[in-house]
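Chain by chain, the residues:
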Amino acid sequence: MFELFTAGVLEPLTAAGLILLAGFTSFVTGAMGLGGGMLLLVVMASTMPIAALIPVHGLVQLGSNASRSVMTFKHLDRTMFRYFALGTVLGAAVASLVVVQLPLTLIQLAIAVFLLLMVWGIKPKTRETSPRGSVVAGALTTFLSMFVGASGPMVASVVFRNGYNKLTHTATFATCMTFQHSLKAIVFTFVGFAFWQWLPLVLAMIASGAIGTWLGLKLLNRIPADKFRLLFKIILTVLALRLLYQALVSVF
């Protein structure tokens, strides 16, 4: 039965594990704000062909973020999203023209420093993120996501700077990521990636992720706002330090 979800290259047990993991990682993101996408990418990187990793991960994350966006849409900061979406279109357009992959170490270092500055650097006043800043963030994170896969921490750190409450943060982050992953899917289709081979597995992982998202949002409503922000900063910092470590190990 599980052969349908193997895309002809995975073991059935591996496919089943990925489907369950998609639910768990969506639960983590729904409850804690982020982190699930990065965890899913790490596991998928050790079980899937490298050529399929980023496009398939992006499609699964599209489904996960879309379900979270729908469940929290009334809390969305529409102004911030519009400018971010404009930048996302620009970033995707540029990425579709790039044929040489950037050095992974350089990207890891840049993202790690960016995250640490956004979380621990000088803070602007609440909601001071400018329209231009949102456009630049959308373009930059979309472009980089084509090469490293998980742009969630970067997008989350931009949204975090606005000082939103929990639900507005979750809705804005999820909607920005949904739009970004939608354009990623279009770009990878444009350059010739065959999604149909992976579609049964992707749909099963999205369904599992929707359940995990629903459970995670239930837990989110019970987390005090101050604890949520502290936990969010800790998760972002850990992800940044992990990227920094990986980059330094590859250099030395």
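Because the structure is a prediction, the values reported are computed rather than measured. (Residues numbered from 1 in each chain as written. Predicted model: local features only at pLDDT ≥ 70, side-chain atom pairs only at ≥ 80, totals over all residues. Heavy atoms only, no water.)

Q: How should I be thinking about the nonpolar core in this particular structure?
A: Note that soluble globular proteins tend to have their nonpolar side chains buried in a common cluster. Of all hydrophobic cores here, the largest spans 36 residues; its most connected members are Met-44, Met-48, Val-56, Trp-198, Leu-201 and Met-205. Looking at this core, the elements with two or more residues in it are α1 (12-32), α2 (36-45), α3 (50-72), α4 (78-95), α6 (131-148), α8 (166-190) and α9 (199-220). Here the element with the most residues in this core is α3; it accounts for seven residues. Membership of the second largest hydrophobic core comes to 22 residues, among which are Val-155, Ala-156, Val-159 and Leu-217. (Core = buried A, V, L, I, M, F, W, Y, C linked by side-chain atoms within 4.5 Å. Buried < 20%, exposed > 50% of the residue type's maximum accessible area, 1.4 Å probe, protein only. Helix = DSSP H or I, 4+ residues; strand = E, 2+ residues; numbered from the N terminus.)

Q: Teacher, can you tell me more about α3 here?
A: Think of an α-helix as 3.6 residues a turn; residues three or four steps apart then line up on the same face. Over its 23 residues, α3 runs 33 Å from end to end, which matches the ideal 33 Å to within 8%, given 1.5 Å per residue. In terms of burial, α3 is largely enclosed, as 18 of its 23 residues are buried. (Expected span 1.5 Å × (residues − 1).)

Q: I'm lost on the packing of α1 against α9 in this one. Help?
A: Helix packing for two helices is described by the angle between their axes and how far apart those axes are. In the contact formed by α1 and α9, the axes pass within 6 Å of each other and the chain directions differ by 30°. Here α1 is positioned roughly parallel relative to α9, judged by the angle of their axes. Our pair here, α1 against α9, has a crossing hand that is right-handed. Here Ala-15, Leu-18, Ile-19, Leu-20, Ala-22, Gly-23, Ser-26, Phe-27, Gly-30 and Ala-31 of α1 lie close against α9, whose contacting residues are Leu-201, Ala-204, Met-205, Ser-208, Gly-209, Gly-212, Thr-213, Leu-215, Gly-216, Leu-217, Leu-219 and Leu-220. The residue inventory of the contact of α1 with α9, partitioned by class, reads 14 nonpolar, eight polar and no charged. (Axes fitted to C-alpha atoms, helices over the stretch in contact; angles between N-to-C directions. Parallel < 35°, antiparallel > 145°, perpendicular 65-115°, else oblique. Left-handed = near helix turned anticlockwise from the far one by under 90°. Contact = heavy atoms within 4.5 Å. Nonpolar A, V, L, I, M, F, W, Y, C, P; charged D, E, K, R; others polar.)

Q: What is the right way to look at the packing of aromatic side chains in this model?
A: The geometry of an aromatic ring pair is captured by the separation of the ring centres together with the interplanar angle, meaning the angle of the planes. Under the counting rule described, the total for this entry stands at one aromatic pair. Measuring from centroid to centroid gives 6.0 Å for Phe-81 and Phe-179, while their planes differ by 85°, and the two rings are edge-to-face. One end of the pair, Phe-81, is in helix α4; the other, Phe-179, is in helix α8, and 98 residues separate them in sequence. On the accessibility criterion, Phe-81 (17% relative accessible area) is buried. (Phe/Tyr/Trp six-rings, centres within 6.5 Å; stacked < 30°, edge-to-face > 60°.)

Q: Explanation requested: the packing of α3 against α8 in the structure shown.
A: The geometry of α3 relative to α8 is characterised by a closest axis approach of 7 Å and an angle of 145° between their N-to-C directions. For the crossing formed where α3 meets α8, the hand is left-handed.

Q: For this particular structure, what's the right way to read the side chain of Thr-88?
A: Within the element layout of this structure, Thr-88 appears in helix α4. Take Thr-88: its relative accessible area is 0%, and that puts it in the buried class.

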